[in-house]
Every structure is written in structure tokens, then in C-alpha cells.
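What the coordinates show
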Amino acid sequence: MVEIRERLAQLLRETPDDAEAIEHDARWWQWGRLKQIASAVTAALDGAGLGRHSRVGLILQNRPEHVAALAGLLAGGRVVVTLSPLQPPVRLAADIEQARLALVIGSPETLSREGVLDAVTSRGIALEVDDEGEVRERGGTVPHDAETCPGVAIEMLTSGTTGPPKRVRLSDRQLDGSLVSSGQVPREGRLLSRSVTVAVAPMVHIGGMWRVLGALCAGRRIVLMSKFVLEPWVSAVERYRPRAAGLVPAALRSVLDAGVPPERLKSLQVITSGTTACPPELADRFFHTYGARVLMTYGATEFAGAVAGWTYEMHKAWWATKAGSAGRPFGDTVLRVTDTDGAELRVGEVGHLEVRTSQSVQGAGEWVQTSDLARIDADGFLWITGRADDAIIRGGFKVQPSVVARILEAHPAVREAGVAGLPDGRLGAVPVAAVELEPGTTVGEAALVADLIERCRAELTPYEVPAYVIVVEALPRTPSSKVSKMDLLDLVRARMAEPAPA
């Protein structure tokens, strides 16, 4: 078994200082600079008396200095508590206070946001790491009751798609198992590789974290982008010719809509796509345009990454008949579907998806019920049909947002739809929707909304029909590119509060 902490420690000990590590904002960072930052962070922690198993906050951004800090913390046996810089300052400060951290690492810009530094230094020490690799302490002292968590590697934020994000504790065992099951292991006897990973997903979420940690452990160089931007991403693929890349469905659409010439992406053989369901027609269009097979994955922060998905060979053999599936289980993962009483359902029946895997907190001996509704067919393929905790209860009737969204997205003018439950004093909640239009759509908003409501009335039960539909320029999204239900509801409330036209 490859141990991620020891592998990172090996890289920080043995990698040549002049070896290329991370390209960011058009310049390469060598391993020597990463090692310098990791060493400075370690020295500051040692000086503060925060040894192995100590919980250390990291306001994690897609920046090379933050990758260095992350590697140093894990290599030194500490527990990384991820904090999202994408939160408004007041929420970030509250998150820091609630986490009760003895030391928090972040960029000077983030730590200087209103209330953030005070939240850190009121209990512990702030450690600034800037883009030149300088590390500085800011105020505070380590509390006498600083918490340690033996066996835990990372306290990771979930994506917050349907509510406030929560933090889960991922063990060393989980990370090591996920590293092996995903194939992110170094070749025998080789410290580094000349291959390149293009990383665009936010590291503060599990998909982005694994993209970077997996590349580091495999010894690959990394092109690290703060977020997906079309031309820089295409340029990186064109320059470094990776065989694989990771993109969410929204990014796949951006590439296709921009008409990127296929020769610029000719190195790509596969695109992995997670965080949210990828429509099979979108995957097909990308494959037929660029020759890269889109491999969907299924996972969760609680499982330290993907536990099911597609492989290249599976796609070649099964895609024609299984398009739309989330794939098959990876490694030692076992899947089943149960009813509300916990009884296992028969093949093809829809129920609550349960997972048994060594990548879970409970280990390979226990079943873990997810929030997803699913079915498993006779060939072992997983099909996600909705979310159990996403259901909108309208006057006692359950509405699955994914069912409503599919009807809205069937309209030729609608690119993507988001559906959420708006609290209602009489019915408990009612479904409301926001739709993002296909580029070049010219139909009027009022006429389109009327048409969408009529479609819903024709194809859904009365209680599933949205009470309100709005048209937006772009759907609000979480950092992992899922539709943010909380922000969608804020948009609907704002639109409902607007005065009616005279």
C-alpha cells in the first residue's frame, strides 16, 4: 500500500531543487521553492509546539504556495482542516471560530479580509504564505487545549450543494486506499515523471484536492489554474499534450460552444467528469468532436473521492448501451439499493443507494447509506435517479427536482435548469426553477416561461409543476460547479419581490 504521507515526505526530501513542479500564471515553480515553503511552515508549527496529529487550518486556494503548505502539513503528520476562501468574510470568520483552530495558514489577501484575522488570532496564530514564498506569523498564541486527531489526515468541506457545507474527517487509511484505487501511484523506482496534469477544479473540494494530490504522488508536473478559463486551458493542453483531463459538464459545453479546433486537443484520450451528472448527449457530442471519451465518476467527500465510474475499456465496450450510467464500482467497493426499511431491492428497482468500501470512514465491513436514489442493472451498472434529501415535500407529496429539471431542459431554448424547494407556509415547500438559455436564443422571457409552465403541466403531476420559473444569464454554482440551490432560491426571492410591470 502506498502511504500518501510518506510519499510526500519522500518528494520533499529527494526531489532535485531545479525540477519543475507547478506552472501557475505562466511561470514555473521549481521543487526547491516548494520545499522551502514546506520547510518554513513546518518550522513555524514546530516552534508553536504543534506536532504530529495537530489540527491546522488551511484557507486553501489554487496557488503553488498552498500546494507546498498542504504537502508539508501532510508529510509532517499534521491534520489539514480545509477552509474555503470563496466564502464571504463573515462566513469564513465564523467557520474559523467554529473549527477552534490553533493555527491557520492563508494568503495575506485572504487573512486581511474583514474579521478574518481577528477570528484567527483571537484563539491562535495566523501564518501568512505569499506568492513569493515568504512565510510570516501574525499575532496570537497557541491555546493550551489545542486539539489533536490521531489517524485523521484531512478535515474536508463538502460541496454545499443543497445546504451549508459540512466538514468530514478523512483518515490516513481512506486517503491511502483512494490513492491506490484511482491509480495515482508512482512507477517503480521513479521519483518524477515528465507528464503534466492540468488542474482547474478548486482544491478546497475533494475533486480538486485529488487532482493535485494524485499528480504529486505520481510525480507528475502540474499546470495549476485558479479556475477553468477556456483559452488558458486549451493552450495548456496544446502545449503539454496530456492524455487525460478533468472537466465538469459546464466546462465541456464551453469547449464545444467555442468551437475549439480538434487539432488543439488531439492529445486527449479521456476526460473524467464528476461533481454532477453529465448528460449522455453532451458526452457523445464531445467524443464525436474531439475523440476523447468522457468518463463519468461517482463519489463523495465522505468516501475520499470516487468509488464508481467508467474506465476507457469499459467505455469502448458498453457506452452504446449504457450511456447515462454512472459506471461500475471501483476496487473493493460494493453497491446496493434498499427500500425505506433497509431491505435490499431487486435488480433494476429504484431506492436508496448504499456503499460498502474501504474508502469510507466505517471501512469495508459496513454499509453507508448515501443521499442518492439509484438503481443497479443486471450488468452491475449504477444509475443515479435523484437525491433522497433533495426531495421537495409539497403538501405531503414528494417532488424530485431532477425530474422537473429534465422536463425544463427538454425545451430547445433551455441549456440547463435548476430546481429547488421554496419554503411555503401552507404547503411546506413548493418547487421553483431557474433556467439558463442556449446561446443565441431570441425568444422573449414571458413567452418562454409560459411555454415552460405549459410543458410541465402537460408532462408532470400537478404538484410537480414549478410555482415560479425565472430566466437567468447563468445559473448560480458552488465552487465545484454544481447548481447552488441556496443561491438559486435567493435569485427567485429577489425576482418575486420586484414590482410587477405597469
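Described below are features of the structure shown in this document. (Residues numbered from 1 in each chain as written. Predicted model: local features only at pLDDT ≥ 70, side-chain atom pairs only at ≥ 80, totals over all residues. Heavy atoms only, no water.)

Below, the discussion takes up the overall build of the protein chain. Counting its regular elements, the protein chain contains 15 helices and 25 strands. Its C-alpha radius of gyration of 23 Å places the protein chain within 12% of the 23 Å reference for a compact globule of 502 residues. Structurally, the protein chain occupies a C-alpha span of about 65 × 50 × 50 Å along its principal axes. Taken over 502 residues, the protein chain has a buried fraction of 52%. The contacts of the protein chain with a sequence gap of at least 6 include a subset with a gap of at least 24, amounting to 61%. Of the accessible surface of the protein chain, which amounts to about 22000 Å², a share of 50% is contributed by carbon and sulfur atoms. (Helix = DSSP H or I, 4+ residues; strand = E, 2+ residues; numbered from the N terminus. Rg over C-alpha atoms; globule rule 2.2 N^0.38 Å. Buried < 20%, exposed > 50% of the residue type's maximum accessible area, 1.4 Å probe, protein only. Contact = heavy atoms within 4.5 Å. Areas by Shrake-Rupley, 256 points an atom, 1.4 Å probe, with all protein chains shown as cover.)

Below, the discussion takes up the sheet that holds strand β8 (residues 152-157). Across the sheet, which stays open at both edges, the seven strands sit in the order β7-β6-β5-β3-β4-β8-β9 with mixed pairing between neighbours. Edge positions in the open sheet fall to β7 (135-138) and β9 (167-171), since each of these has one partner strand only. Strand-to-strand, the axes of this sheet are offset by a mean angle of 25°, without reference to chain direction. Across two bridges, the pairing between strand β4 (residues 79-83) and β8 is parallel. Looking at the pairing, Val81 lines up with Glu155 of β8. (Pairing = 2+ DSSP bridges. Axes fitted to C-alpha atoms, helices over the stretch in contact; angles between N-to-C directions.)

For the structure shown, the criterion picks out 35 salt bridges. Of the charged contacts in the structure, one is a salt bridge between Glu147 and Arg169, with a shortest N-O distance of 3.2 Å. With Glu147 in the loop between β7 and β8 and Arg169 in strand β9, this pair connects stretches of sequence that are 22 residues apart. In this structure Glu147 comes out as partly exposed when scored by relative accessible area, which is 36%. For Lys322, the salt bridge is made with Asp377, and the minimal N-O distance between the two is 2.9 Å. (Salt bridge = Lys/Arg side-chain N within 4 Å of Asp/Glu carboxyl O.)

For helix α13 (residues 401-409), the full list of buried residues reads Pro401, Val404, Ala405, Ile407 and Leu408. Take α13 and look down its axis: the buried residues cluster within an arc of 160°, on one side only. In this fold, the buried residues of α13 make contact with β21 (392-394), β22 (397-399), β23 (414-424), β24 (428-437), α14 (445-459) and α15 (485-497). (Arc of directions from axis to C-beta.)

All right, on to the nonpolar core then. Leu8, Val41, Ile105, Ile154 and Leu213 are the most contacted members of the largest nonpolar core, which has 53 residues in total. In terms of residues, this core owes the most to one element, helix α8 (residues 206-218), which gives eight residues. If we skip the residues at most four places from it in the chain, Leu8 touches Ala71, Leu74, Ala75, Leu213, Leu216 and Cys217. Core analysis: the next-biggest nonpolar cluster, separate from the first, contains 35 residues, Leu247, Cys278, Ala283 and Trp319 among them. (Core = buried A, V, L, I, M, F, W, Y, C linked by side-chain atoms within 4.5 Å.)

So, on to the sheet that holds strand β1 (residues 20-24). Strand order in the open sheet formed by four strands is β2-β1-β11-β10, and the pairing between neighbours is mixed. Pairing within the sheet leaves two strands with one partner each, and these edge strands are β2 (27-30) and β10 (196-199). Direction aside, the axes of adjacent strands within the sheet are offset by 25° on average. As paired elements, β1 and β2 share four bridges and run antiparallel to each other.

The next subject is the pairing of β23. For β23, a buried count of eight out of eleven residues is recorded, marking the element as mostly surrounded by other parts of the structure. Sheet topology places β23 next to β24; ten bridges connect them, and they run antiparallel. Opposite Ala417, over in β24, you have Val435 as the bridge partner. Counting the residues between successive antiparallel strands, the hairpin from β23 to β24 contains three residues.

A probe matching the size of a water molecule, rolled over the atoms, marks out where space remains unfilled. Applying the stated rule across the entire model yields one cavity of 30 Å³ or more. Of the pockets and cavities examined, the largest cavity occupies roughly 30 Å³. Around the largest cavity sit Glu20, Ala21, Trp31, Leu192, Leu216, Gly219, Arg220 and Arg221, which together line it. In terms of residue class, the lining of the largest cavity is built from four nonpolar, one polar and three charged. (1 Å grid on protein atoms, 1.4 Å probe; cavity = no way out; pocket = protein on both sides within 12 Å on 5 of 7 lines; lining within 4 Å. Points joined across faces, edges and corners; volume = space filled by probe spheres on them. Nonpolar A, V, L, I, M, F, W, Y, C, P; charged D, E, K, R; others polar.)

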